Each structure stands twice: as structure tokens, then as C-alpha cells.
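Listed below, chain by chain, are the residues.
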Amino acid sequence: MGSHLKDLWPLGTFLARLPEGSRADLLELGTVTRAGDGATVLRQGEPGTLVYVILQGLAKITARAENGEQALLAVRVRGDLVGEMAVLGTGVRSADVTACGEMRLLAIRGSAFLGYLQRNPAAGFAVSGSLSDRLRWANQRRLEFVGFGADVCLARILVSLAARHGYDTPRGRDLGVPLTRAELGGLIGVKEPTVLKAMRELSDRGLILRGQRRVVIKDVSGLARFAELVPLDR
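Residues numbered from 1 in each chain as written. Predicted model: local features only at pLDDT ≥ 70, side-chain atom pairs only at ≥ 80, totals over all residues. Heavy atoms only, no water.

Visitor: Which residues make up the overall build of the protein chain, and what are the values?
Guide: Along the backbone of the protein chain there are 9 helices and 10 strands. Taking 234 residues into account, the globule formula puts the C-alpha radius of gyration at 17 Å, and the protein chain, at 19 Å, falls close to it. Each of the three principal axes of the protein chain carries a C-alpha extent, and together these read 55 × 40 × 30 Å. The contacts of the protein chain with a sequence gap of at least 6 include a subset with a gap of at least 24, amounting to 68%. For the protein chain, the exposed area adds up to about 12100 Å²; of that, 51% sits on carbon and sulfur atoms. (Helix = DSSP H or I, 4+ residues; strand = E, 2+ residues; numbered from the N terminus. Rg over C-alpha atoms; globule rule 2.2 N^0.38 Å. Contact = heavy atoms within 4.5 Å. Areas by Shrake-Rupley, 256 points an atom, 1.4 Å probe, with all protein chains shown as cover.)

Here it is in C-alpha cells:
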């Protein structure tokens, strides 16, 4: 299944971290399945007995709080693992995983995945590295938002998402992930009306283009300066 094509897996993903032999072994363990746009691959609160490797496409990771509010926690791309936390831990899914566009996934039985980790120490380090990166990204995101207004926080998360998942178009850099205003609000800890106001501010400045569940960054360097992620021009 193309185990030798390491360069095809984005840097930092689980598959990119694996040595070639370990990657080839993993890709032989499961069954390839597909999910259509908007399909729920995993559902929060349900028992988890399968681990999935994303072979193609994007997925949103969302979770519901006790008060019913739903928040976007992260985005996963090809090469990433999803569902491993239930298999490695409590056995219960801690979040929903929803397909953004068409997806192709490798479904692996939890028992087979655990056996694979026991046989491949390098794979265990790869899992640990992926989990560490996720925690570091979440912590950094919280720190970056301290003391800033919603418009700057939104600019920061847009720059981050575009760097990870975006692609260039004639109109600018598409964010690469279809996100609602509520989901963007969940990433920066504000309500949807506040996101709408912040997006209008960024649009009025000529930094972004707004669309239905799409954001295109017209001026990436200008948005980064507005986000105070690079020194201001003197």
C-alpha cells in the first residue's frame, strides 16, 4: 500500500514518524474503508474497539461539554491516527470524528493494534510523539490567546490552520478545512456572534474573504502581522 512513499505523509503525522518497515506492517493490518463528507466516523461516548489511520482526506475532532455546547478540538489529516485513545485507555470514545470531504481510512481492530505496538517499539514512540505534539499544540494555543482580543485570536488560529492544512488558490490561501463560525469560536473560546464580528473586521481590512464554511486568506503576511505573530513593519 505504498509503504515506501514516506514523503507522501505530512510531517509530524503518525505514519511519517514510522520507520519504513513498521509502516508497511501497519498498513497490512487493517481494512480500507471510506467515509463521505459529513459522515461521523467515531461518536463520543460510544465503545471504541477500532483504530483508524487516515489515508486520504481531513477529519474534524469535536466534543460536547456537559452543558451541551460542542467545541472543535482539532483537525486530523492523512497519516494521522484517530480512535487510539479509546483502545489505549478507557475503551470509550472521548470525541466525535467527522469527515470533511471524502475520506479513505484504514480500520484496524484494537487488539491487532495493541499487538502491533508490542512488536514494534518504534511505533510506540511514534504514538507517544503524536500525543505529545497534540498536547503541546493545545497548550500553545491557550497561551497565545491570553490577553488578546477576539479579532487577533481569530487571526492567529486562521494563520495556524492555513499553515497546517491550507492550499494556494488564485484568490489567496484557502484554509483547507470547511469550518463553521461556531467551530472557529470553539477553537478560540468565544461565541459565534463574536466570531462573526471578528471576521467582518478582518474582511474589512482586506485580509480574508468570507464564504459559506470557507475562509480564504487574501494576505497571509498581513494577517500574520495583524495577529502579532511577526514583527510589525517599521
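Once you've had a look at it, read on.
Visitor: Tell me about the sheet that holds strand 9 (residues 208-211), and please be specific about residues and values.
Guide: The 4 strands lie next to each other as 7-8-10-9, forming an open sheet whose pairing is antiparallel. The open sheet is flanked by strand 7 (167-169) and strand 9, the only strands paired with a single partner. Between one strand axis and the next, the sheet turns by 30 degrees as a mean value, whatever way the strands run. Pairing of strand 9 with strand 10 (residues 214-217) involves 4 bridges; the strand directions are antiparallel. Across the sheet, residue Gly 211 finds its bridge partner in strand 10, namely Arg 214. (Pairing = 2+ DSSP bridges. Axes fitted to C-alpha atoms, helices over the stretch in contact; angles between N-to-C directions.)

Visitor: Which residues make up the packing of helix 7 (residues 181-188) against helix 8 (residues 192-204), and what values go with them?
Guide: In contact at an axis separation of 8 Å, helix 7 and helix 8 are set at 95 degrees when each is read in the N-to-C sense. By the angle class used here, helix 7 and helix 8 are roughly perpendicular. Of the residues in helix 8, those touching helix 7 at Arg 181, Ala 182, Leu 184 and Gly 185 are Glu 192, Val 195, Leu 196 and Met 199. The residue inventory of the contact of helix 7 with helix 8, partitioned by class, reads 5 nonpolar, 1 polar and 2 charged. (Parallel < 35°, antiparallel > 145°, perpendicular 65-115°, else oblique. Nonpolar A, V, L, I, M, F, W, Y, C, P; charged D, E, K, R; others polar.)

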